[in-house]
Amino acid sequence: MPTVAYAEVPTPVGDFHVAVTEQGLVATGWRAFDGPAGLAEVHDPDRTAPVVAELNRFFDGTLREFAVPIDWRLTAGSRRKVLQALHRVPYGRVVTYGELAELSGTRVPPRGIGSIMGANPIPIVVPCHRVLAASGLGGFSGGVGVETKRWLLTHEGYLQPTLLDL
């Protein structure tokens, strides 16, 4: 029977939760999980340690590319293709919803891409904060919303710090 282990990582943008199966990272987010359907919970700090270590390095500015394996089983079809294309968008770079639609090779329109971003099960590692609207930052449902997105893009050097960041 597949199992999932959980951990919590304190970050500058709030406590961040991770869920890891035997195959890899399956979920992240700012809210605690009820648990992916059909997966029994286990206490396994050795399983979550690599993800926690990489997230700590990302937030302290020393990691630019995540190497932890991802368990894509909870996504399928066009949604999976879009998220996998997003996973390849490098640190400090951004794409628009329309550009991500093209990169994914799907026929998902930009609004559909926005819905997929809002339901991204693995934010930060699958970097939905790097997807912008054609007219600006666009939305963000993680953390405290668009301010979290702004912090992440400033952290990655895409946006310049404001006076509030100094």
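Keep in mind that what you see is a predicted model, and the values were worked out from it rather than measured.

Asker: Teacher, can you tell me more about the overall build of the chain here?
Answerer: Tallying secondary structure elements over the chain gives 5 helices and 6 strands in all. For the chain, the α and β elements follow one another from N to C terminus as β-β-β-β-α-α-β-α-α-β-α. Its C-alpha atoms give the chain a radius of gyration of 16 Å, near enough to 15 Å, the size a compact globule of 166 residues would have. When the backbone C-alpha atoms are referred to their principal axes, the chain occupies close to 45 × 40 × 25 Å. Within the chain, the proportion of its 166 residues that are buried is 46%. A separation threshold of at least 6 residues defines the contact pool for the chain, and within that pool the share at least 24 residues apart is 58%.

Asker: What am I meant to see in the sheet that holds strand S1 (residues 3-9) here?
Answerer: Hydrogen bonds along the backbone pair up the strands of a sheet, which may run parallel or antiparallel. Strand order in this open sheet of 4 strands is S3-S2-S1-S4, and the pairing throughout is mixed. At either end of the open sheet lies a strand with only one pairing partner, and these are strand S3 (25-29) and strand S4 (40-41). Inspection of the sheet shows strand S2 (residues 16-21) paired to S3 by 4 bridges, in the antiparallel sense. Following the sheet pairing, Val 18 is matched in S3 by Thr 28. Those strands touched by helix H1 (residues 45-59) are S1, S2 and S3, and its axis lies near 30° from that of S1.

Asker: I'm lost on the pairing of S3 in this one. Help?
Answerer: Looking down a regular strand, the side chains alternate between one sheet face and the other. In terms of residue burial, S3 counts as a mostly covered element, since 5 of its 5 residues are buried. Turn length for the S2-S3 hairpin, with the two strands adjacent in sequence and antiparallel, is 3 residues, and the turn residue Gly 24 shows positive phi of about 150°.

Asker: I would appreciate a short explanation of the pattern of salt bridges in the present structure.
Answerer: Oppositely charged side chains are able to pair whenever their charged atoms sit close together. Considering all chains together, one arrives at 5 salt bridges under this definition. The salt bridge involving Glu 156 is made with Arg 130; its shortest N-O contact spans 2.9 Å. Of the two residues, Glu 156 sits in the segment after helix H5 (146-155) while Arg 130 sits in the loop between helix H4 (110-118) and strand S6 (131-132), which places them 26 residues apart along the sequence. Within the structure, one salt-bridge network assembled from shared partners comprises Glu 22, Asp 44 and Arg 47.

Asker: Teacher, can you tell me more about the side chain of Ser 104 here?
Answerer: Inspection of the secondary structure puts Ser 104 in helix H3 (residues 97-104). Sequence-distant contacts of Ser 104, defined by excluding residues within four places in its chain, comprise Lys 81, Val 82 and Ala 85.

Asker: Please explain the packing of helix H2 (residues 77-87) against H3 as it appears in this structure.
Answerer: At a closest axis distance of 8 Å, the pairing of H2 and H3 adopts a crossing angle of 105°. As far as their axial angle goes, H3 and H2 are roughly perpendicular. Contacts between H2 and H3 involve Lys 81, Val 82, Ala 85 and Leu 86 from the first element and Leu 100, Leu 103 and Ser 104 from the second. Its residues placed into classes, the contact of H2 with H3 shows 5 nonpolar, 1 polar and 1 charged.

Asker: Looking at this model, I keep getting lost on the pairing of S1. Mind explaining?
Answerer: Counting buried positions over the 7 residues of S1 gives 5, a clear majority of the element. Here 6 bridges tie S1 to S2, and the two strands are oriented antiparallel to one another. Residue pairing across strands places Ala 7 opposite Val 18, the latter belonging to S2. If you look at the hairpin formed by S1 and S2, you'll find 6 residues sitting between the two strands, and Gly 14 has a positive phi there, around 105°.

Asker: Would you mind showing me how to read the confidence of the model for the chain here?
Answerer: Low-confidence regions, as indicated by low pLDDT, have predicted coordinates that should not be scrutinised in detail. This prediction gives the chain a mean pLDDT of 93; 96% of its residues lie at or above 70. Within the chain, the element-level pLDDT minimum falls on S4, averaging 90, and the maximum on H1, averaging 98.

What counts as what
Residues numbered from 1 in each chain as written. Predicted model: local features only at pLDDT ≥ 70, side-chain atom pairs only at ≥ 80, totals over all residues. Heavy atoms only, no water. Helix = DSSP H or I, 4+ residues; strand = E, 2+ residues; numbered from the N terminus. Rg over C-alpha atoms; globule rule 2.2 N^0.38 Å. Buried < 20%, exposed > 50% of the residue type's maximum accessible area, 1.4 Å probe, protein only. Contact = heavy atoms within 4.5 Å. Pairing = 2+ DSSP bridges. Axes fitted to C-alpha atoms, helices over the stretch in contact; angles between N-to-C directions. Salt bridge = Lys/Arg side-chain N within 4 Å of Asp/Glu carboxyl O. Parallel < 35°, antiparallel > 145°, perpendicular 65-115°, else oblique. Nonpolar A, V, L, I, M, F, W, Y, C, P; charged D, E, K, R; others polar. pLDDT = per-residue confidence, 0-100.

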